[in-house]
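# Descriptive analysis of the structure
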Amino acid sequence: MNDWPLLSTIIFLPLLGALLLTLIRGQDKDVALAAKATALWVAMSTFLLTLVLWYAFDPRQEGFQFAESSVWIAESGIGYRVGVDGISLFFVVLASFLTVLCILASWRSVAKRVRDFMAAFLVLESLSLGAFLATDTVLFYLFFEGVLLPMFYIIGVWGGERRIYAAFKFFLYTLLGSLLMLLSILSLTWIGGTTSFSELMQTEFSPALQKILWLGFFASFAVKTPMWPFHTWLPDAHVEAPTAGSVMLAGLLLKMGGYGFLRFCLPILPDASQFYAPLVFVLSAIAVVYASLVALVQTDIKKLIAYSSVAHMGFVTAGLFADNAQALSGAVMQMISHGLVSAALFLCVGILYERAKTRDIGAFRAVVQPMPVYARLTMVFMLASIGLPGTSGFVGEILTLLGVFRASPATAWVLALGMILGAGYMLHLYRRVFFGASEAKPAALYDLHLRENVILTSLVLPVLWIGLYPMPFLRIVALPLAPILGAAAP
Amino acid sequence: MLAAIPLLPLFAALIVGLSSRRIGDALALFVTCLFMLVATVIALQLCFSVVVQDTEKTIVLAPWFSLGSFEVAWAMRIDTLSAVMMAVVCLVSTLVHIYSAGYMRGDASLPRFMAYLSLFTFFMLALVSADNLLQMFFGWEGVGLASYLLIGYWHHKESAARAGVKAFLVNRIGDFGFVLGICATYAMFDTLVFSEIFARVPEVLGREFSVFGWKIEAVTAICLLLFAGAMGKSAQLGLHIWLPDAMEGPTPVSALIHAATMVTAGVFMLCRMSGLFEYSEDALAIITCLGAATALFAATVAVVQNDLKRVIAYSTCSQLGYMILAVGLSAYGAAMFHLTTHAFFKALLFLAAGSLIHALSGEQDMRKMGGLRAMVPLTYLLFWVGVLALAGIPILSGFYSKDIIIEAAWTSHTIVGLFAFVLANLGVFLTACYSTRMLVMSFHHSPRFDEKVMTHVHEAPPVMSIPLLLLACGAIGSGFLLKEMFVGNGSEAFWGGSLFVEDYHTALLDAHHAPRWVKSLPLFLAVLGIAFGLLCYQIFTTLPARLARFFRPLYRFLCEQWYIDALYRLLFVKSAFALARLLWQGGDMKTIDAFGPDGFSAVVRWLGGRFRLLQSGYVYHYVFAVVTGVVLLGAFAVIRNL
């Protein structure tokens, strides 16, 4: 391996692209086109780089790979440390992949301030890549918090009617959680004397201290995931966000919650994690049933899918704390799968919204007739969302259930209820929107054009791949999870 | 080579499905039928070779999961059980494929229909050839998906779309049990591969599960959870409600999926898991009772239905009850025997009914039929074959397979067995009644449909009648041809290691030595049922109406299918939606938001309002504050120094 700082390149390339965008001058129309083209090129290059990373990644090697480290603030030991392991690898690929799709999906739907929009997305990409690649607590915090800003901006400027309310709700919730996390991070630094993930994992903290610090992290990640009852920002944020914003929100930002649990709570605070596991189980079980039920009565398609995200994240959080290999891998696979599937579903809603200018379920009927290809692709994502075997959703769900059943059968029973309810709200939605008798031909509905077809098809492929042959993913994911298991003091 | 059996239908489905409208009807039919035909040839050849050479093996195709101790592969388990099932599935599926060429001719999206049929066949074959629970679940949910797609095939019909969703959801309720059963199996056995599970049963016997503080023996718990899945798929009492509605789908679908193959998946699964179920007397007893209850319940409802397809649907439900009850008696061979003969005669009945409906331009209500005897003589004849086989008249297949089950119920010498024996015999009588009623109402007397329909009445084209004739051969011959192998003296050698029966479960072995009256009772009841049916509907035609008036509450009760649907709607559907609204508006909006973010911002705004008052702008206010502060600080310093 040569010395080229691959990870830093991946992180900062989109940021550089965003800077480049600000230099574009000229007529509005030219600026828009140039901005879109530049953003697409930058995002594609980043995506290719992450694929290179995946290719060069050694699945048998433990610990962080491609690690870079340099001292930043010498007195406190805070450093610029980045690295990638089996847990973060797929989130990095996912982040760069979704950004490309987002830029493609916004090609025509965003009309105002195109250049700023594209720049915001590239900044968002940079920051989320940074959050997944950072191996230093303070650096992680900076990236993790930084993500808020472009997202706040995206919802607040290009959002729907109640965008200000939604943006502030989103900001308040997450900021409040994050501040508590900052306290925990600072305490870790003072007491542990380091900010490096790998060193912190070696450090033992007393159980009493762990329990306090854990709550700080929990506040932030529970909001981000989101877990019940900290979820109410999500439906509002999704409904008001533009399509691409929702894609990033569901596909990436939510994953940072689960990722945080995996990086901080489980390996660094294992005793507290074990102590609080019942709490997480209860909240996850409630989340699955509660959110599934609420999704059943939604009238806005986007809100329905937002609630389904909360339910799916319930599987993730339960799996994370079940403390066995199946459940942990299942939770990670569920996050990856949800990143693809929910992103796809939001893109599907966006496609419908672009044509009909509404997301009200009652406004649609027999959409399958004017849009058969679209209906078929949406069906695949719907099935993946309800965890049909052969799709990625099943891999995550069944592994999680198998594992959680071992840790807490009662939780598994309630989670399994989510299988029924999930099928309930999804099929109910699909029937009302796509089936039925069409009286008059609905105005303005036409089937997918090439760009949309490419976007959705490129999501179908990984969904089926993971579903039918998940081994390449499982192999990479499972290795770094092994040391997390049984880390708690007996 | 053997992998071609499930993969050929898959390829056919992909080729036709992905090219959809461009491929054209003729080519779509050609591709799907040809692929199915080849798969059938291989499957039949395999079936013979397994039976003759007794080769049991597992073919691993590719790894699926491998995670620590959790190893599951895409694999095919080849033994008598799977070979028989694959042969039956391929055979019926091919005939239905060919029949569809005639039945669905001129349909706007025929390629889609054929693709779905082939896709279904793939999932079904993946299910029956699985060597582990997870792949079985893959096929299991897959056939559910195909069923959903095919029931709602005419998606412009509101009722069809609803029926599809209902079928999927009710099946999911069963699958809830199946999934938990898989989890429990893994937790107890540390594997999901059939042969390994059976090998480890002795280690697990006696261990207990506790769920919500309730202790239950592990094996029994697993068996009951898996059985919940079988209840959904095989439409057993309680989870049967989707099957009658599933008749919204095109008739070939009803024949293939909702009679011959998919609905028998539950029975197949129980047989496949015989190595586990044999160790739980409690689970077997429950299975017996539920099977018997279903057999009788569905028969009672079938007697009063007026929709031709719904009668056959309830009849299917009832016959599935017989199969399940056979499983409960550890008479797995008998269950598989009835499954096979039923596949032939029920597919025959459905397709004959389809050809009748086709002749009548889509009319399904038997009250608007009649007098068709002379107009469609071939269909009439074939219908008779189906009815007699279903009723259990000697020489025809149903006689052999149903009788052996009833005899086994007697020779099991248990209370549960006796209960099943009584219910099953009552079911035989009712079966003969409703079959005769169905036949007479559809074909006899004078026509009750209008002139316009009359001009279109026609006998089915050869592409439809040839599959019917082949099925009729099966419905006639499969009984006495297969009897010795499936349940006779050679059955142990025939099934080999694929079915496991504990030594002390001798019901099936003893069944051959059942008392004479036990052996002849079902036949007597069947003849009586046919006679009663003829009496009511052929001779004294006013009798049924008078009976209905006399037993009005009972009649209503049966017409409303024991009010189970209505009860469920109230209990589960309506209350789920009500609870959902409460959680959304009461929980999310009025509680979490009101006390959370909205409450927080309201408090901040209120505090801001209060603090704003402090900034009055009057200098003496400020001076007063400063002076007070200085005094307090001074006082504090003094006190501390004391």
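All of the points below concern the structure found in this document. Worth saying up front: this structure is predicted, and the values here are computed from it rather than measured.

Attention now goes to the packing of aromatic side chains. Scanning the entire structure with this criterion turns up 76 aromatic pairs over all chains. Here Phe140(A) and Tyr259(A) contribute two aromatic rings whose centre-to-centre distance is 6.5 Å and whose plane-to-plane angle is 35 degrees, an arrangement assigned as tilted. With Phe140(A) in helix α5 (residues 137–146) and Tyr259(A) in helix α11 (residues 243–268), this residue pair connects regions lying 119 residues apart in the sequence. When its relative accessible area of 1% is taken as the criterion, Tyr259(A) is described as buried. Note on Phe486(B) and Trp495(B): the rings are 5.1 Å apart at their centroids and 80 degrees apart in plane angle, and the pair reads as edge-to-face. Of the residues examined, Phe486(B) reaches a relative accessible area of 3% and is grouped as buried. The ring of Phe275(A) has Lys211(A) sitting right over it, with the charged end atom 4.1 Å from the ring centre. Over the ring of Tyr322(B) we find Lys402(B), and its NZ or CZ is 5.4 Å from the ring centre.

Contact residues are listed per partner, giving 63 residues for chain A and 56 residues for chain B. Carbon and sulfur atoms make up 75% of the surface buried where chain A meets chain B, a total of about 5500 Å² over both sides. On the chain A side of the contact with chain B, Phe405(A), Trp413(A) and Arg431(A) bury the most area, a combined 12% of that side's loss. Connecting chain A to chain B are four salt bridges. Among the salt bridges present, the one from Arg365(A) reaches Glu158(B), with a minimum N-O distance of 3.6 Å.

All names here are of chain A. Between helix α2 (residues 28–56) and helix α3 (residues 86–109), the shortest axis-to-axis distance is 9 Å and the interhelical angle comes to 160 degrees. The angle between the axes of α2 and α3 places the two elements in the roughly antiparallel class. Our pair here, α2 against α3, has a crossing hand that is left-handed. Counted together, Lys36, Ala37, Ala39, Leu40, Ala43, Met44, Thr46, Phe47, Thr50, Leu51, Leu53 and Trp54 of α2 and Leu89, Phe90, Val92, Val93, Ser96, Phe97, Thr99, Val100, Ile103, Leu104 and Trp107 of α3 form the full contact between these two elements. Class assignment of the residues belonging to the contact of α2 with α3 gives a composition of 18 nonpolar, four polar and one charged.

Here helix α11 (residues 265–272) of chain B lies mainly inside the structure; eight of its eight residues are buried. Three or more residues of α11(B) are buried, namely Ala265(B), Gly266(B), Val267(B), Phe268(B), Met269(B), Leu270(B), Cys271(B) and Arg272(B).

Our next topic: the environment of Pro480(A). Residue and element names in this part refer to chain A. As for its placement among the helices and strands, Pro480 is situated in helix α19 (residues 471–481). On a C-alpha basis, the gap between Pro480 and Leu188 in space is 22 Å, while along the polypeptide they are 292 residues apart. Not counting chain neighbours up to four residues away, the residues in contact with Pro480 comprise Asp85, Gly86 and Ile87.

This next bit is on the packing of helix α15 (residues 332–359) of chain B against helix α17 (residues 397–411) of chain B. All names here are of chain B. At a minimum axis distance of 9 Å, the contact between α15 and α17 shows a crossing angle of 155 degrees. In terms of orientation, α15 lies roughly antiparallel with respect to α17. Relative to α17, α15 is oriented so that their crossing is left-handed. Along the contact surface, α15 presents Ala334, Phe337, His338, Thr341 and Phe345, while α17 presents Ser397, Gly398, Tyr400, Ser401, Lys402, Ile404 and Ile405.

Turning next to unusual backbone geometry. Between Thr225(A) and the following residue, Pro226(A), the backbone shows a cis peptide bond with an omega angle of -15 degrees. Relative to the helices and strands, Pro226(A) resides in the loop between α9 (207–224) and α10 (233–240). With a phi close to 65 degrees, Trp562(B) is a non-glycine residue in the positive phi region. Within the secondary structure, Trp562(B) is located in the loop between α25 (552–559) and α26 (564–595). On the basis of relative accessibility, which here comes to 30%, the residue Trp562(B) falls in the partly exposed class.

Parameters at a glance
Residues numbered from 1 in each chain as written. Chains lettered and ligands numbered in written order. Predicted model: local features only at pLDDT ≥ 70, side-chain atom pairs only at ≥ 80, totals over all residues. Heavy atoms only, no water. Phe/Tyr/Trp six-rings, centres within 6.5 Å; stacked < 30°, edge-to-face > 60°. Helix = DSSP H or I, 4+ residues; strand = E, 2+ residues; numbered from the N terminus. Buried < 20%, exposed > 50% of the residue type's maximum accessible area, 1.4 Å probe, protein only. Lys NZ or Arg CZ within 6 Å of the ring centre and 35° of its normal. Contact = heavy atoms within 4.5 Å. Buried area = accessible area lost by both parts, 1.4 Å probe. Salt bridge = Lys/Arg side-chain N within 4 Å of Asp/Glu carboxyl O. Axes fitted to C-alpha atoms, helices over the stretch in contact; angles between N-to-C directions. Parallel < 35°, antiparallel > 145°, perpendicular 65-115°, else oblique. Left-handed = near helix turned anticlockwise from the far one by under 90°. Nonpolar A, V, L, I, M, F, W, Y, C, P; charged D, E, K, R; others polar.

Read these as geometric descriptors, not functional statements.
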